[in-house]
Amino acid sequence: MDKMVIEGGFPLVGEVSISGSKNASLPIIVSSIMFDEFDCEIENVPDLEDIKTIKKLLISLGAVIKKSDAADKLVINTSGINNFDAPYDLVKTMRASVLVLGPLIAKYKRARVSLPGGCAIGARPIDFHLNALKQLGATVKVDHGYVEVFADKLKGAVINFPIPSVTGTENVIMAAVLAEGTTIIKNAAREPEIDDMIIALNNGGADIKRIEPSVISVRGVKKLSRLCHRVLPDRIEAGTFMVASAITKGDIVLKNLNVHHLKSVIDKLSEAGVKIIINSSNSIRVKGSKTIKSVDISTAPYPDFPTDMQAQIMSLMTLSGGLCVITENVFENRFMHVAELIRLGANIKVRNNFAIVKGVKKLSGAEVMATDLRASASLVLAGLASSDGLTTVSRIYHLDRGYERMEKKLTALGAIISRVKANDISPVTDEEPKFGDVVCSKTA
Ligand code: UD1
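Read on for a plain summary of the structure. (Residues numbered from 1 in each chain as written. Predicted model: local features only at pLDDT ≥ 70, side-chain atom pairs only at ≥ 80, totals over all residues. Heavy atoms only, no water.)

**Re the overall build of the protein**
For clarity, the threshold we go by: Under the scheme used here, helices are H or I runs from DSSP no shorter than 4 residues and strands are E runs no shorter than 2 residues, and both carry numbers assigned from the N terminus. Atoms counted for the radius of gyration: C-alpha only. Globule rule: 2.2 Å times residue count to the power 0.38. To sort residues, take the accessible area from a 1.4 Å probe on protein chains only and compare it with the maximum for the residue type: under 20% means buried, over 50% means exposed, and anything in between is partly exposed. Residues are treated as being in contact if the distance between any of their heavy atoms lies within 4.5 Å. Reported accessibility uses the Shrake-Rupley method at a 1.4 Å probe radius. Residues are deemed covered only where the shown protein chains occlude them. As used throughout, the charge tally considers Lys and Arg to be positive and Asp and Glu to be negative, leaving His and the chain termini uncounted. To locate a charge, take atom NZ for lysine, CZ for arginine, CG for aspartate or CD for glutamate.
Looking only at helices and strands, one finds 14 helices and 24 strands in the protein. Whereas a compact globule of 444 residues would reach a radius of gyration of roughly 22 Å, the protein reaches 22 Å, a difference of no more than 12%. For the C-alpha atoms alone, the extent of the protein along its principal axes is close to 65 × 55 × 45 Å. Out of the 444 residues in the protein, the part that is buried amounts to 55%. Relative to all contacts within the protein whose residues are 6 or more apart in sequence, the contacts with residues 24 or more apart total 72%. If you sum the accessible surface of the protein, you get close to 18500 Å²; carbon and sulfur atoms cover 51% of it. Of the side chains in the protein, 55 bear a positive and 49 a negative charge, and the two mean positions are spaced by 3 Å.

Written out as structure tokens, the structure is:
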């Protein structure tokens, strides 16, 4: 298991290019199941562990991933799909594997998917997905830890989500695309990743409209034609690098992002005194200020402040000049990073679903453990700001699920950060060491 070793206290300066969105790539990749006539071409797909998992899942169903002419392009042929099971081994490593339910039931009228179970940030049931599929006419059985869904045909229905669910909305859209009649999804999630999937499906012959901000209509079509799409930029990766600039009092230009998708993050960082200069709709400059003002933050579905940025902004607030309250409204157990931030010197108290953060003068390096994807990012950020001693973040496989080459991007901005093998101080490099090379870590 790799660890990240960070020598913090240096401002990050330079330019960073934001990769394609993980959370948009996943549903778009699985939607290829419904396009079996031609090869599907998806560009700007980030090189992440979660993407490797979804590719493995598609291959296990019978799809073929072809060689492509670009590293960030996926070419998938789904004409050979002959298996409809998503096994426990894959679903347990990535809950978003449940996204195969929608396209499999739409195209093949059957799917069997391992129940994902709880995860580090909460129980995360899939009852909304299953209830909606039942309303579309599917039979749903849960047995031996698997959910089995089958139908003779699916018929449009009115689905009303109790609360907005991102993958729930995506699963229902995909299930309804080839159904008879029209499906209306009320209280649908509004995340841009859903709209990116809608664009991809509509370009391939679907008829999906967001008729109100939280209402989506899906008019069933007989068949889909061709999936050919470029994935939108990852707003959470962008937000994380914005905080990296703010927390290190740096000056970073972020390129290849969509500024419109980052409004809530931009607003909060500006309130905290961070200088944000919007160069264009896809480029932004973030300049950290000497002092960070404390600001209250409350997470909620898009367009409000994203739960996926809560841990990172908390790292920033640990160094603020006052006291703030960070309220987590989306997941019930998303404060696992707090205990680790306290190890770095932060002053945080958790009460139910809110954390009271009192700014401290400095953070100090320590050994910490990542518990989930965004928690790992918050620890790396805190490590970059720790002005004395090394920070070692273990279990960074969580980080690799959702950040493409993070330490390389940070190194290019001047960070002193290396990936090392556990129980070893040798850095992990892409190159084989040559005979005579002195193998040592920058941080050793
Ligand atoms: C997606 C994102 C994840 C993000 C989250 C919230 C992907 C692959 N993942 O996760 O990064 O943190 O949105 O923005 O896009 N709920 C139920 N029953 C259900 C479904 C959801 O009770 O059937 C609850 C959840 O427990 C949670 C809330 O609804 O409290 C919202 O979760 P949801 O939007 O579904 O999260 P995901 O789609 O799993």
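**Section: the pattern of salt bridges**
Opposite charge on two side chains permits them to pair, given that their charged atoms come into close proximity. Our working definition: The term salt bridge refers to a side-chain nitrogen of Lys or Arg lying within 4 Å of a carboxyl oxygen of Asp or Glu.
All told, the structure shown has 28 salt bridges when counted by the stated rule. The residue K52 makes a salt bridge to E49 at a minimum N-O spacing of 3.2 Å. Of this pair, K52 and E49 both sit in helix α2 (residues 49-61), separated by three residues, roughly a single helical turn. K52 gets classed as partly exposed once you look at its relative accessible area, which sits at 37%. On the accessibility criterion, E49 (34% relative accessible area) is partly exposed. Of the charged contacts, one joins E180 and K153 as a salt bridge, the two residues approaching to 3.2 Å between their closest N and O atoms.

**Focus: the packing of helix α11 (residues 336-343) against helix α12 (residues 373-385)**
What counts, and what does not: Orientation is described by axes fitted as lines to C-alpha atoms, over the contacting stretch for helices, and by angles from 0 to 180 degrees between their N-to-C directions. These descriptions rest on fixed angle ranges, namely under 35 degrees for roughly parallel, over 145 for roughly antiparallel, 65 to 115 for roughly perpendicular, and the rest for oblique. Note on convention: the crossing is left-handed when the near helix lies turned anticlockwise from the far helix by less than a right angle, right-handed when the turn is clockwise. All residues other than Ala, Val, Leu, Ile, Met, Phe, Trp, Tyr, Cys, Pro, Asp, Glu, Lys and Arg, Gly among them, are scored as polar; the first ten of these are nonpolar and the last four charged.
Where α11 contacts α12, the axes come no closer than 10 Å and their chain directions differ by 15 degrees. When the axis of α11 is compared with that of α12, the two are roughly parallel. Crossing geometry of α11 relative to α12 is assigned as right-handed. Along the contact surface, α11 presents H337, E340 and L341, while α12 presents A375, S378, L379 and A382. Its residues placed into classes, the contact of α11 with α12 shows four nonpolar, two polar and one charged.

**Some points on the nonpolar core**
Definition in use: By convention a nonpolar core is built from buried Ala, Val, Leu, Ile, Met, Phe, Trp, Tyr and Cys residues, the set being connected through side-chain atoms within 4.5 Å.
Formed by 75 residues in total, the largest nonpolar core has its most connected members in I173 and L201. The greatest single-element share of this core, amounting to six residues, is contributed by helix α6 (residues 166-177). Discounting residues that sit within four places of it in the chain, L201 has contacts with S31, M34, F35, I173, M174, V177, A206 and I208. Of all hydrophobic cores here, the second largest spans 68 residues; its members include V243, V286, I348 and I417.

**Comments concerning the pairing of strand β13 (residues 215-219)**
Here is the rule we go by: One bridge is not enough; two strands pair if DSSP finds at least two bridges between them.
Along β13, four of the five residues are buried, which leaves the element largely enclosed by surrounding structure. Bridging between strand β11 (residues 182-186) and β13 involves four bridges; their strand directions are antiparallel. When the bridges of β13 are listed, T183 appears paired with V218. Inspection of the sheet shows strand β12 (residues 207-212) paired to β13 by five bridges, in the antiparallel sense. Residue pairing in the sheet places I208 in a bridge with V218 of β13. The hairpin formed by β12 and β13 contains two residues between the paired strands.

**As for the environment of G389**
Here G389 shows up in the loop between α12 and β23 (390-394). Counting along the chain gives 381 residues from G389 to G8, while the straight-line C-alpha distance between them is 7.7 Å. Apart from the residues within four sequence positions on either side, G389 is in contact with I6 and G365.

**So, the sheet that holds β13**
Within the open sheet, the four strands sit side by side as β10-β11-β13-β12. Their pairing is mixed. Among the strands making up the open sheet, the edge pair consists of β10 (158-160) and β12. Taking each pair of neighbouring strands and ignoring which way they run, the sheet shows an average axis angle of 15 degrees. Across the sheet, α6 touches β10, β11, β12 and β13, and the angle it forms with β13 is around 25 degrees. Those strands touched by helix α7 (residues 192-203) are β12 and β13, and its axis lies near 140 degrees from that of β12.

Everything listed here is a matter of geometry and, on its own, says nothing about what the molecule does.
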